[in-house]
Number of protein chains: 2
Amino acid sequence: MKTITVNDKFEKFNKHWTPHIIGELNGQYVKLAKVKDDFVWHDHADEDEMFFVFKGTLYLDFRDQPTQAVGPGEMLIVPRGVEHRPWTKDGEEVWLMLFEPRQTKHTGEVEDAKTVKELQWI
Amino acid sequence: MKTITVNDKFEKFNKHWTPHIIGELNGQYVKLAKVKDDFVWHDHADEDEMFFVFKGTLYLDFRDQPTQAVGPGEMLIVPRGVEHRPWTKDGEEVWLMLFEPRQTKHTGEVEDAKTVKELQWI
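An account of the accompanying structure is given in this report. Residue numbers here run from 1 along each chain, matching the order of that chain's written sequence. Here the convention is simple: chains get letters from A, ligands get numbers from 1, in the order in which they are written. Reporting in this predicted model follows two pLDDT cut-offs: at least 70 for local features of residues, and 80 or more for side-chain atom pairs to be given and counted; totals over whole chains, interfaces and linings ignore these cut-offs and use all residues. Excluded from the side-chain calculation are hydrogens and water; included are all heavy atoms of the structure.

### A short note on the environment of B:Asp48
Only runs of H or I of at least four residues qualify as helices and only runs of E of at least two qualify as strands under DSSP, and these elements are numbered from the N terminus. Along the chain, B:Asp48 turns up in the loop between strand S3 (28-36) and strand S4 (49-55). When the C-alpha atoms of B:Asp48 and B:Phe99 are compared, they prove to be 8.6 Å apart, with 51 residues separating the residues in sequence. Look past the residues within four positions of B:Asp48 in its chain and what remains in contact with it is A:Leu25, A:Asn26, B:Val78, B:Pro79, B:Arg80, B:Phe99, B:Glu100 and B:Pro101. Two N or O atoms count as a polar contact when they lie within 3.5 Å, although within protein this holds only if one can serve as hydrogen donor and the other as acceptor, and sequence-adjacent residues are included solely when both atoms are side-chain atoms. A polar contact of 2.9 Å, which involves the side chain of B:Asp48, links it to the backbone nitrogen of B:Arg80. We call two residues contacting when some pair of their heavy atoms lies within 4.5 Å.

### Here's the deal with the nonpolar core
With 32 residues, the main nonpolar core has A:Met50, A:Met75, A:Met97, B:Met50, B:Met75 and B:Met97 as its most contacted residues. Apart from residues lying up to four places away in sequence, A:Met97 is in contact with A:Val6, A:Ile22, A:Val30, A:Lys31, A:Leu32, A:Met50, A:Phe51, A:Phe52, A:Phe54, B:Met50, B:Phe52 and B:Met75. For our purposes a nonpolar core is just a set of buried Ala, Val, Leu, Ile, Met, Phe, Trp, Tyr and Cys residues, chained together by side-chain atoms within 4.5 Å. A simple rule labels every residue: compare its accessible area, found with a 1.4 Å probe on the protein chains alone, to the largest value its type can have, and call it buried under 20%, exposed over 50%, or partly exposed in between.

### Quick notes on the layout of surface pockets
There is about 280 Å³ of room inside the largest pocket. A per-class count over the lining of the largest pocket returns six nonpolar, five polar and eight charged. By volume, the second largest pocket amounts to about 230 Å³. Considering only residue class, the lining of the second largest pocket consists of five nonpolar, six polar and six charged. Computed over the protein atoms alone on a 1 Å grid, cavities are sets of points where a 1.4 Å probe fits but cannot get out and pockets are open sets with protein on both sides within 12 Å along at least five of seven lines; a residue lines them when it has an atom within 4 Å of a point. Grid points are joined across faces, edges and corners, and a volume is the space filled by probe spheres set on the points. For this classification, the nonpolar set comprises Ala, Val, Leu, Ile, Met, Phe, Trp, Tyr, Cys and Pro, the charged set comprises Asp, Glu, Lys and Arg, and every other residue, Gly included, is treated as polar.

### Points about the relation of the copies chain B and chain A
The transformation that overlays chain B on chain A combines an axial shift of 0.0 Å with a rotation of 180°, and the residual RMSD is 0.0 Å. Such a turn and shift between the copies fits a two-fold axis. A shared binding surface is used by both copies, with 100% of the interface residues of chain B retained as interface residues in chain A. The copies were overlaid with a least-squares fit restricted to C-alpha atoms from residues scoring a pLDDT of at least 70 in each copy.

### What to know about the interface of chain B and chain A
Contacts between chain B and chain A engage 38 residues on the former and 38 residues on the latter. Two parts placed together each lose some accessible area under a 1.4 Å probe, and the buried area is that loss summed for both. Buried surface at the junction of chain B and chain A, both sides included, amounts to about 2700 Å², of which 63% is carbon and sulfur. A per-residue breakdown of the area chain B buries against chain A is headed by B:Met1, B:Asn26 and B:Met75, which together make up 29% of the total. We count a salt bridge whenever a side-chain nitrogen from Lys or Arg sits within 4 Å of a carboxyl oxygen from Asp or Glu. There are zero salt bridges connecting chain B and chain A.

### With respect to the pairing of strand S9 (residues 93-101) of chain B
Residues and elements named next belong to chain B. Taken across its nine residues, S9 has eight buried, putting it largely inside the fold. Examined bridge by bridge, S3 and S9 share nine bridges and lie antiparallel to one another. Residue pairing in the sheet places Ala33 in a bridge with Leu96 of S9. Direction of pairing for S4 relative to S9: antiparallel, over a ladder of five bridges. Bridging across to S9, Phe52 finds its partner in Met97. Strands pair, by our definition, only if DSSP identifies at least two bridges between them.

### As for the sheet that holds strand S5 (residues 58-62) of chain B
Residues and elements named next belong to chain B. Strand order in the open sheet made by the three strands is S6-S5-S8, with antiparallel pairing throughout. Each of the sheet's edge strands pairs with one partner strand only, and the pair in question is strand S6 (68-70) and strand S8 (84-87). The average angle at which neighbouring strand axes cross in this sheet is 25°, direction not considered. Taken together, the three bridges between S5 and S6 define a ladder with antiparallel strand orientation. When the bridges of S6 are listed, Leu58 appears paired with Val70. The convention used is that axes are lines fitted to C-alpha atoms, helices contributing only their stretch in contact, and that angles between N-to-C directions extend from 0 to 180 degrees.

### Overview of the pattern of salt bridges
Going through the model one piece at a time under the given rule, you end up with 16 salt bridges over all chains. Taking the shortest distance from any N to any O, the salt bridge between B:Glu83 and B:Arg63 comes out at 3.0 Å. Of the two residues, B:Glu83 sits in the loop between strand S7 (74-78) and S8 while B:Arg63 sits in the loop between S5 and S6, which places them 20 residues apart along the sequence. On the basis of relative accessible area, B:Arg63 is assigned to the exposed category, the value being 52%. Linking B:Glu109 and B:Lys105 is a salt bridge whose minimum nitrogen-to-oxygen distance equals 3.3 Å. Salt bridges sharing partners connect three or more residues here, namely A:Asp38, A:Asp61 and A:Arg85.

### Describing the pairing of S7(B)
In terms of burial, S7(B) is largely enclosed, as five of its five residues are buried. Burial of the side chains of S7(B) extends over both faces: B:Glu74, B:Leu76 and B:Val78 are buried on one face and B:Met75 and B:Ile77 on the other. In terms of strand pairing, strand S1 (residues 4-5) of chain A meets S7(B) through two bridges, oriented antiparallel. Looking at the pairing, A:Ile4 lines up with B:Met75 of S7(B).

Coordinates in, geometry out; function isn't part of it.
Have a look at this one:
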């Protein structure tokens, strides 16, 4: 049991759209990701997903509701089954924390060049 | 589905040691708390608990390991069954986010004057 300095963990990886695990509790993973430009449309049929932003502004498009902007110190919970597309504006790199069940697949049932199948602990 | 500005939520309450709910996902609550001075020793037999600090430094004592300090941007996961006592130094008010299962009792099986039984959404 040890205190985790989140910004130190962000220094441990650079690859975009590749979440890394920093904690686990109650069957949920705490993950960090650095993201830039566009991601793929996807949903998670059985898992709600939480985005908490540390740096930059994350945008999320939805099929039938307005795009949400999530800035530093802000969070958004995307309910299960809601298709979403995360992206960043003008090439900005955004740092974010994710909360989701251990079994959550990176891009749901969508297979994409950006899909990561085996997440790493840092 | 709406972006939540966490600092705005902190402005909505002042009572110490009284977590307020700001989100729910996968059977877990996201809660905010303002804490100051000493809390009661307790554990949660079946729930891991995550502390993420926004402001100030939270200290956690444990029965058989060193006290941990958790500052802004830092987090600590306390596994189920591990007795802990949160406190703050020199009367500092600390702002923190908690992640824990919906059914988690505030002070476990301990009943104390500080125990809150019905949490409020903000």
